[in-house]
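Here is how the chains run, residue by residue.
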Amino acid sequence: MQDALIRKLESFEDLTDGDRAALRALVPRVRKVPARTDLIEEGHVPERIHLILDGYACRYKVLPDGQRQIMAYLVPGDFCDLNVFILDQMDHAIGTISPCQVVEISRIAIEEVTAHYPQVTRALWWCALVDEAILREWLVNIGSRQAHQRIAHLFCELLLRLEAVGRVSDNSYAFPFTQTDIADTMGLSDVHVSRTLRELRRLQFITLKRRVLTILDVEQLKAYCGFNPNYLHLRNTRWSARRQVPWLSSGHGA
């Protein structure tokens, strides 16, 4: 399971056998966490770093009126709080969406790896920068795209992020999110989400059955929402800037 982390980091940097061995040593014990469980709550003091090895989690805040805003999805290979642990207290909560396999890593272990493995350190820098880039794109999504484009954009993003860590098969991936999860992510109502999902199905862009999302026409869905993967900065995948990607070169999504 720790290979999800290695695969993700190798999307940014080429790692040596020694780098991989050091990363595997960070995962001495895996904890199984049920769905809809907080890994750390807002206001708590972060003491250890959480790594998702399997399943889905999210960053979120709850307003005084009870309204929830999801600010990030965390997928296998993602650190929940790689830089957050230096804070005095959490300014948001991190909770699971689905059952997860999670590793808690000490600060000392991370400091040891970054002190002795410079390529791992650069890959971790990439992770932090990409997290910021994803947040910027989500702000654009909510502020500037229509509802149908927001949701289609999310589906495209998850496809690429999950494919990078080996969690996609034939353009299908696990999708444990409820309509309320999507609504709380996109600033929409449950009714609006339901209507948009029906429209995406009607256009034969997606199917969603038994908590598995399948994108039937990846290129058309990307064109539909103007998806450009540049903010994910994936280098060693089929969507890499190093490779020729027809839908980008044709001008779609620019």
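So, a few notes on the structure that sits alongside this text. Everything numeric in this text was worked out from a predicted model, so none of it was measured. (Residues numbered from 1 in each chain as written. Predicted model: local features only at pLDDT ≥ 70, side-chain atom pairs only at ≥ 80, totals over all residues. Heavy atoms only, no water.)

### Concerning the sheet that holds strand S3 (residues 49–54)
In a beta sheet, neighbouring strands are held together by backbone hydrogen bonds and run either parallel or antiparallel to one another.
Then step 1. Taken in spatial order, the three strands of this open sheet run S1-S7-S3, and their pairing is antiparallel. The open sheet has two edge strands, strand S1 (31–33) and S3, and neither has a second partner. For this sheet, the mean angle separating the axes of adjacent strands, direction not counted, is 40°.
Then step 2. Of the strand pairs in this sheet, S3 and strand S7 (residues 100–105) are connected by five bridges, and their pairing is antiparallel. (Pairing = 2+ DSSP bridges. Helix = DSSP H or I, 4+ residues; strand = E, 2+ residues; numbered from the N terminus. Axes fitted to C-alpha atoms, helices over the stretch in contact; angles between N-to-C directions.)

### Examining the pattern of salt bridges
Then step 1. Overall, the coordinates contain 16 salt bridges when judged by the stated rule.
Then step 2. In this structure, Glu13 engages Arg122 in a salt bridge whose closest nitrogen and oxygen atoms are separated by 3.7 Å. One end of the pair, Glu13, is in the loop between helix H1 (3–9) and helix H2 (17–24); the other, Arg122, is in helix H4 (residues 118–144), with 109 residues separating them in the sequence.
Then step 3. Using a relative accessible area of 14% as the deciding quantity, one classes Glu13 as buried.
Then step 4. Note on Arg122: relative accessible area 34%, which makes it partly exposed.
Then step 5. Between Arg68 and Asp181 there is a salt bridge whose closest N-O contact spans 2.8 Å. (Salt bridge = Lys/Arg side-chain N within 4 Å of Asp/Glu carboxyl O. Buried < 20%, exposed > 50% of the residue type's maximum accessible area, 1.4 Å probe, protein only.)

### Notes on unusual backbone geometry
Then step 1. Despite not being glycine, Gln204 shows a phi value in the positive range, around 60°.
Then step 2. Among the residues examined, Gln204 registers a relative accessible area of 58% and is labelled exposed.
Then step 3. Unlike most non-glycine residues, Arg211 shows phi in positive territory, near 60°.
Then step 4. Within the fold, Arg211 resides in the loop between strand S9 (206–209) and strand S10 (212–215).

### Section: the pairing of strand S5 (residues 68–74)
Then step 1. In terms of burial, S5 is largely enclosed, as five of its seven residues are buried.
Then step 2. Pairing of strand S4 (residues 57–62) with S5 involves six bridges; the strand directions are antiparallel. Note that in S5 the partner of Val62 across the bridge is Arg68.
Then step 3. Joining the antiparallel neighbours S4 and S5 is a turn of five residues, in which Gly66 adopts a positive phi near 95°.

### Description of helix H6 (residues 179–186)
Then step 1. Of all eight residues making up H6, six are buried, and the element is well covered by its neighbours.
Then step 2. Packed against the buried residues of H6 are S5, H4, helix H5 (147–164) and helix H7 (190–202).
Then step 3. In the stretch just after H6, Gly187 is the one whose phi turns positive, near 70°. (Contact = heavy atoms within 4.5 Å.)

### Let's talk about the packing of H6 against H7
Then step 1. Between H6 and H7, the least distance of the axes is 8 Å, while the angle of their chain directions is 105°. Viewed along their axes, H6 and H7 adopt a mutual orientation that is roughly perpendicular. On H7, the residues touching Gln179, Thr180, Ile182 and Ala183 of H6 are Asp190, Val193, Ser194 and Leu197.
Then step 2. A breakdown of the residues in the contact of H6 with H7 according to their chemical character gives four nonpolar, three polar and one charged. (Parallel < 35°, antiparallel > 145°, perpendicular 65-115°, else oblique. Nonpolar A, V, L, I, M, F, W, Y, C, P; charged D, E, K, R; others polar.)

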